[in-house]
Every structure is written in C-alpha cells, then in structure tokens.
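Here are the chains, one letter per residue:
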Amino acid sequence: MRRASTLFWQILIGLGALALWEWGWNLHERLPWLIPDLLDPYFVSRPSVIFQQFLSMSCLVGRDGNWTFGVDGAFAKCMSRSENNLWIATFVTLKNTLWGFLTGVSSGFVLGLLLGRSNRLSQIFYPYITAFNSIPRIALAPIIILAFGIGDASKVVTAWLVVVFLVFFNTFEGARSVDRDHINASRLLGASEWQVTRTVIVPSTMAWLFASLSPAISFSLIGVIVGEFIGAEHGIGRMIIEAEARGEAAGMMVAVFVLMIAGVILSALVRRLQAYLLRWRPAQTVGG
Amino acid sequence: MPSTPPDVRCRIEINGLRKDFLANGREVVAVDDASFRIDDGEFVALLGPSGCGKSTILNMVATLIAPTGGTIKVDGAPVSFGKPVRHVGYVFQKDTLFPWRTVEDNIGYSLELAGVPIGERRTRVAEAIHQAGLDGFARFYPASLSGGMRQRVSLMRTLISNPEILLMDEPFGALDTHTKLDMHSVLLGLWERQRQTVLFVTHDLGEALTLADRIILLSARPGRVKQDFRVDFPRPRDAVALRETRQYAELFSKVWHSLGEEFARSRST
Ligand SMILES: Nc1ncnc2c1ncn2[C@@H]1O[C@H](COP(=O)(O)OP(=O)(O)OP(=O)(O)O)[C@@H](O)[C@H]1O
Ligand SMILES: [Mg+2]
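Residues numbered from 1 in each chain as written. Chains lettered and ligands numbered in written order. Predicted model: local features only at pLDDT ≥ 70, side-chain atom pairs only at ≥ 80, totals over all residues. Heavy atoms only, no water.

Here we look at the overall build of chain A
Consideration 1: Looking only at helices and strands, one finds 13 helices and zero strands in chain A.
Consideration 2: For chain A, the proportion of its 288 residues judged to be buried stands at 41%.
Consideration 3: Long-range pairs, those at least 24 residues apart, make up 69% of the contacts in chain A between residues at least 6 apart in sequence.
Consideration 4: In the structure as shown, chain A presents an accessible area of about 16,300 Å², 69% of it carried by carbon and sulfur atoms.
Consideration 5: If you average the places of the 22 positive and of the 17 negative side-chain charges in chain A, the two averages end up 11 Å apart. (Helix = DSSP H or I, 4+ residues; strand = E, 2+ residues; numbered from the N terminus. Buried < 20%, exposed > 50% of the residue type's maximum accessible area, 1.4 Å probe, protein only. Contact = heavy atoms within 4.5 Å. Areas by Shrake-Rupley, 256 points an atom, 1.4 Å probe, with all protein chains shown as cover. Lys, Arg positive; Asp, Glu negative; His and termini not counted. Charge placed at Lys NZ, Arg CZ, Asp CG, Glu CD.)

Digging into the packing of helix α6 (residues 119-133) of chain A against helix α8 (residues 152-176) of chain A
All names here are of chain A.
Consideration 1: Running from amino to carboxyl end, α6 crosses α8 at an angle of 150°, the nearest separation of the two axes being 12 Å. With respect to their mutual orientation, α6 and α8 come out roughly antiparallel. In this structure, α6 meets α8 at a crossing whose hand is left-handed. Together, Asn119, Ser122, Tyr126, Ile129, Phe132 and Asn133 of α6 and Phe165, Phe168, Phe169, Phe172 and Arg176 of α8 make up the contact between the two elements.
Consideration 2: Of the residues contributing to the contact of α6 with α8, the split by class is seven nonpolar, three polar and one charged. (Axes fitted to C-alpha atoms, helices over the stretch in contact; angles between N-to-C directions. Parallel < 35°, antiparallel > 145°, perpendicular 65-115°, else oblique. Left-handed = near helix turned anticlockwise from the far one by under 90°. Nonpolar A, V, L, I, M, F, W, Y, C, P; charged D, E, K, R; others polar.)

Some thoughts on the site of ligand 1
All names here are of chain B.
Consideration 1: Surrounding ligand 1, one finds 14 residues, the nearest of these being Ser50, Gly51, Lys54, Ser55 and Thr56.
Consideration 2: One of the side-chain N or O atoms of Lys54 is found 2.8 Å from an oxygen atom in ligand 1.
Consideration 3: Considering ligand 1 on its own, with 640 Å² of exposed area, one finds that the protein chains cover 66% of that surface.
Consideration 4: Where the shell around ligand 1 is concerned, the elements lending two or more residues are β1 (10-23) and α1 (54-61).
Consideration 5: No other element matches the three residues that α1 contributes to the shell around ligand 1. (Near = heavy atom within 4 Å. Polar contact = N/O pair within 3.5 Å; in protein donor to acceptor, adjacent residues only side chain to side chain.)

A closer look at the sheet that holds strand β10 (residues 225-230) of chain B
Residues and elements named next belong to chain B.
Consideration 1: If you trace the six strands from one edge of the open sheet to the other, you get β6-β7-β8-β3-β9-β10, paired in mixed fashion. The open sheet has two edge strands with one neighbour each: β6 (88-91) and β10. Across this sheet, the average inter-strand angle for adjacent strands is 15°, counted without regard to direction.
Consideration 2: Helix-sheet contacts for helix α8 (residues 246-268) involve β3 (43-47), β9 (214-218) and β10, and the interaxial angle to β10 is about 170°. (Pairing = 2+ DSSP bridges.)

Topic: the coordination of the magnesium ion (ligand 2)
Consideration 1: Looking at the magnesium ion (ligand 2), one finds its protein donor set to be Ser55(B) (OG) and Gln93(B) (OE1), positioned 1.9 to 2.5 Å from the metal centre. In this pair, Ser55(B) is assigned in helix α1 and Gln93(B) in the loop between β6 and α2 (103-107), connecting sequence segments 38 residues apart. (Donors = N, O, S within 2.8 Å, 3.2 Å for Na, K, Ca; no water.)

Describing the domain arrangement of chain B
Residue and element names in this part refer to chain B.
Consideration 1: In terms of domain boundaries, chain B breaks down into domain 1 (10-87 + 165-268) and domain 2 (95-162).
Consideration 2: If you average the C-alpha positions of domain 1 and of domain 2, the two centres end up 25 Å apart.
Consideration 3: Contacts between domain 1 and domain 2 engage twelve residues on the former and ten residues on the latter.
Consideration 4: For the domain 1 and domain 2 pair, buried surface summed over both sides reaches about 910 Å², with 76% attributable to carbon and sulfur atoms.
Consideration 5: By the criterion of area lost to domain 2, the three top residues of domain 1 are Leu166, Met183 and Leu190, representing 40% of everything that side buries.
Consideration 6: Linking domain 1 with domain 2 are zero salt bridges. (Domains from an automatic or database assignment. Buried area = accessible area lost by both parts, 1.4 Å probe. Salt bridge = Lys/Arg side-chain N within 4 Å of Asp/Glu carboxyl O.)

Examining unusual backbone geometry
Consideration 1: Backbone torsion omega between Arg235(B) and Pro236(B) reads -5°, so that peptide bond is classified as cis.
Consideration 2: You can see Pro236(B) is positioned in the loop between β10 and α8.
Consideration 3: Although it is not a glycine, Cys59(A) adopts a positive phi angle of roughly 65°.
Consideration 4: Within the secondary structure layout, Cys59(A) lies in the loop between α3 (47-57) and α4 (74-80).
Consideration 5: The phi angle at Thr63(B) is positive, at roughly 65°, despite the residue not being glycine.
Consideration 6: By the element assignment, Thr63(B) lies in the loop between α1 and β4 (69-74).
Consideration 7: Judged by relative accessible area, Thr63(B) falls into the buried class, the value being 3%.

Section: the pattern of salt bridges
Consideration 1: Within this structure, the stated rule accounts for 27 salt bridges over all chains.
Consideration 2: The partner of Asp39(B) in a salt bridge is Arg37(B), with the nearest N and O atoms 3.0 Å apart.

Here we look at empty space enclosed by the protein
Residues and elements named next belong to chain A.
Consideration 1: Under the definition given, this model contains three cavities of 30 Å³ or more.
Consideration 2: For the largest cavity, the calculated volume is near 40 Å³.
Consideration 3: Along the walls of the largest cavity sit Val92, Asn96, Ile150, Gly151, Asp152, Lys155, Glu228, Ala232, Glu233 and His234, which together make up its complete lining.
Consideration 4: Going through the elements one at a time, α5 (86-117) and α8 are the ones with two or more residues in the lining of the largest cavity.
Consideration 5: Partitioned by chemical class, the residues of the lining of the largest cavity number three nonpolar, three polar and four charged. (1 Å grid on protein atoms, 1.4 Å probe; cavity = no way out; pocket = protein on both sides within 12 Å on 5 of 7 lines; lining within 4 Å. Points joined across faces, edges and corners; volume = space filled by probe spheres on them.)

Some words on the pairing of strand β2 (residues 26-39) of chain B
Consideration 1: Examined bridge by bridge, β1(B) and β2(B) share ten bridges and lie antiparallel to one another. Across the sheet, residue Lys19(B) finds its bridge partner in β2(B), namely Val31(B).

Side note on the environment of Ser80(B)
Consideration 1: In this structure, Ser80(B) sits in the loop between β5 (77-78) and β6.
Consideration 2: Remark: the alpha-carbon pair of Ser80(B) and Thr245(B), spanning 165 residues in sequence, is separated by 43 Å.

Structural notes on the pairing of β3(B)
All names here are of chain B.
Consideration 1: Of all the five residues making up β3, five are buried; the element is thus mostly covered by neighbouring parts of the structure.
Consideration 2: A two-sided burial pattern is seen for β3, the buried positions comprising Phe43, Ala45 and Leu47 on one face and Val44 and Leu46 on the other.
Consideration 3: When β3 meets strand β8 (residues 197-202), the two strands line up parallel, connected through five bridges. Bridge pairing in β8 places Ala45 opposite Phe200.
Consideration 4: In this structure, β3 lies alongside β9, joined through four bridges in parallel fashion. Counted as the bridge partner of Leu47 is Leu217 from β9.

Focus on the confidence of the model for chain A
Consideration 1: The predicted model of chain A averages 90 in pLDDT, with 98% of residues at 70 or higher.
Consideration 2: Of all secondary-structure elements in chain A, the lowest mean pLDDT belongs to α4(A), at 83, while α5(A) reaches the highest, 95. (pLDDT = per-residue confidence, 0-100.)

Notes on the state of the cysteines
Note: disulfide means a covalent bond formed between the sulfur atoms of two cysteine side chains.
Residues and elements named next belong to chain A.
Consideration 1: Here the structure, examined in full by the defined rule, presents one disulfide over all chains.
Consideration 2: Note that Cys59 is cross-linked by a disulfide to Cys78, the S-S spacing being 1.9 Å. One disulfide, between Cys59 and Cys78, carries an S-S torsion of -80° and so falls in the left-handed class. Separated by 19 residues along the polypeptide, Cys59 in the loop between α3 and α4 and Cys78 in helix α4 bring together distant segments of the chain.
Consideration 3: With relative accessibility at 9%, the residue Cys78 sits in the buried group. (Disulfide = S-S within 2.5 Å.)

Next up, the structure:
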C-alpha cells in the first residue's frame, strides 16, 4: 500500500516536471513570475525535441526521418556519417571510465595498504600525500591533456588521478584499523608475517575498499568527462562541447541524459558487486 | 584420583612473573611475582577476581605481551615475546573469529596455513564441525551464529591442529548459564580424548570446579598466586550431575571463602 502510493507520487512528480518543461515556456509571457527565464528552450530545449534528437543522434531514425531498422544498411550508413556518434561516444567514455576506475582502485589499494601498514613509509610520505590531496585534481586536467595528448590515455589518467586518492585514503584508514586481536589470533594459529598480511590484513582492509567503490566509479566518470571537455576526439564530453558550440540545447541534453543513465547503471552494478563481496557482514550494514 | 607418575613432564613453568603497565602516565602493577607450574595432561584453572591480571598472565605465556620480569618456560625452553610456540593453542576471551570466513573456513584456517592438502582438510574440518555439534552450519558466516555457536567454532579452530598445550581465556564468559553448561560438556568430552595440558582462565568458581584438576587462586591486583587447590573429583565428569554432589559443595565453599576475600579487596581498591 505504502509502496504503491510512493510510486504514485514519484510518477506524478516526474510527469509534472516533464509537462512544465515541455509547455511551461508557453506561459512565460503571461506568468513571468511563475516561469523562470532558465526554462527558455534555447537553454534547456524541450522533452519532445530532446527525444527526437536522441532518435536521430543514435541513428534509430535516419536523416529522412524514417526508422532505420528494417531498412537494409540504413543504420550503418547513418553511423558512418559521424566519427563521434552517440554509440561510439558512449562506448569510449565508458571504456575510459572503467579503465580509470580499475587502475585507480588497484593502485590506490596497494598504496593505502603499504602506507597503512608501515609507520616508516607513512611518516615519510604523508606530507606529500596531503599536499597532493589538497590540489583540486580537476585543475590538473589541462596539464594531463598536454602531456598525454587528446587520445584515450589522457582521460584514463585524469580519471585515475581523481579515483586513486579517494581509494588510497579509505584503504589507508582500513589498514590502520585492522583488529589487533585478529592479527594475534592469526599468529597464534601459526601464520607467518606474509600469511597474516594475506589472510587478515588484506581481507579486513577490503571492507573499507569496497565502501569507496561507489564514489570511485562516479568520480571516474567525472574525470573522463572533464578530460573530454578540454580536448578529445571521441566521447560524450566532446559531444556536449560541440553541441554547445553550435548552440544545440537538445544535443547537450541528450548527452547529459546518456551520462545520467550510464551513471545509474554503473553505480547499480558496483553496489551489486559490493553487496556480494561483503556478504559476510550482518545484513543491516551491507552497503552502509 | 590423579596419581602422579614419577616421570611427569613439566609443560609450563612460571617463575617470579611480573608485568607493569603504564596507563595515563601511571604505573599499574598487573601481575606481581606469580609462580606456578603445570604438568603434562593437567587441566588447571586460573581463578581470580576481575582485573587481577589473569588475561595478562595468559597473554605473556602466549607471547602476546612481554613480561616486565620473571621467566616463562614451555617444555623447558624460555619463551620470547612475539614468537608463539608451535604446539600451544589459544582461545581468546573476545570473539576473534574472522568474520569474512565461513564456519568451515574459520575452523580449517590453521590447516590452510600449514599447507594441509584440501582433501584431508575437508575431512578433518567436517569431523570437527560434527564434534562441535555444528552440522549444517559449515557455510554460515560468524555474523549469523549465536554466541555459543561462535565460541564452539573458536574452540574447534584452535583444537583442529591438535595443540598439546591449550590456553583458554574465559572462553565461555559471555554465555548464559545453560549454554555454558553445554559448553562444559563439549569441552570435557573433547579433552577426555586428547588430555591436552590446559591453562583455563575464569572468574567463575563453578566452572573451575567442573573442569579442572587444580585451581590456582590469584589475589586481587596485583595478581600473585594466593592458593593452590586440588580438585580430585572422579573423571569422566558430568558437568550437571557433579554440581549436586557433596564433595562439590564442600570444595565450593572452601574456595569461595578464599575467593570472596579477594573480590572484597578488588572492590576496595
Ligand atoms: N594494555 C594495558 N595497558 C594498561 N593497563 C592494562 C593493560 N592491560 C591490562 N591492564 C591492567 O592490568 C590489570 C589486569 O588486567 P587483565 O586483563 O589481566 O585482568 P583480568 O584478570 O583478565 O580481568 P577480567 O577477568 O575482567 O578479564 C587491569 O587492572 C588492567 O587495567
Ligand atoms: Mg581477562
């Protein structure tokens, strides 16, 4: 009952917002105090236009305005017309996001583990890490594009840079807070130093690492998009910049929606993974 | 009646053991000049009021903390801090099961470390699970077990590698009376078969009388050995029936009196 009414309100609010977006501007002349200037279709386009734009950008509808499926070669022909069509752009952006995520998570984990478990190393490196951490990472993006070019590498590096610190700090905290009694128990059960690391320190730190996976994937996507804004051949970020240059609000909105959907799917997948890997935790704290 | 064979081997020998802690800039003497010995196959209970240094003594024997003074010998060799002796097993006061491992993986942990092949490991773990009455729980994670079940897993995790000497720190301290009695039967059953040398810390007199051959009574902090009682009830013992016997009641009141003085002292400090 409760769920049904929640769903009802959710749908109502969604439809209301879409309706306001679609037709609100028509009332602007008469009710300027109700409809803000921001709703000007020149900036935010309209849902119906955005949907049309999506169909044509994704080559589901050809230039002639007809559906491409069923028509032999129409889809391929439409696709070949643009170097950075919606499919390629999405693929490239997602690919770089995943690489940034994987490299950032793995290197952040190893660094966090090393420094977290060695007082010597953490004493030496900690000032540098805090200094680096206080640089807004995005500020380095132009330098990275200069150094790594406008190809995929620079996007992966930007994403890596954003992810690695996040994961590092989480892992570092986790590695410091490994339960002493677990380490003692392991030693008394016959573990060597290396076995203690492998069977106690790594698994208990993992719990902290997993907690950082969700923000890490979002950060990675942000890093890639910023990199693409500054200079890229492919990708959703470049698509947004190009649409902006042409004053095409609908094109930008399509790209933003694709990003939103990608973000939702990616974080849902990561949460699934997290819940599976932390299945040993008491139920109420999973994902918490 | 435990008859004392002439060639009895002394397994644990503690001499003039002392431990000072520095807490908030103040020196606390936790253990002061404790001396005792435990022979092969003996089940010894270390009894004393809370905070008298029982865990501290056990942790020093287990090489988890370094003594301030005195010596500890296991099988004639002095132990040194941070170097656990192979055949000494330890059951903690606190729950130290690895929460990310299932029951079977917790129990098989030491075998895994020792490189015991998977086939043999499986058989031994299955047997241990059965002995502990945990059939059907092999794939459970510790978080979904009751306190008593967790403690049984802890026990089997330590026992599976057949340690000859067993150190136990109030392993059943957190359990309700009924579960505790259950656990006493389980432990007695396992011990009757292997006759490990046991040093069992507790502040529960009934538990000490049920399980042990000897009770070493510690004084209130700083802990030192106050008295040494023989508990010569016949074995095998029945954890429940034993409590109704006259000998039990007599020994209980004798030790209780002595223990009561220490409890009173520990409260007044
Ligand atoms: N790491 C430590 N630092 C400072 N003081 C400590 C430390 N460990 C123990 N102590 C002190 O030493 C004394 C003995 O502690 P211990 O844990 O050995 O008591 P216990 O006999 O095991 O008590 P309980 O029955 O409550 O477990 C206590 O007064 C405690 O405050
Ligand atoms: Mg204790």
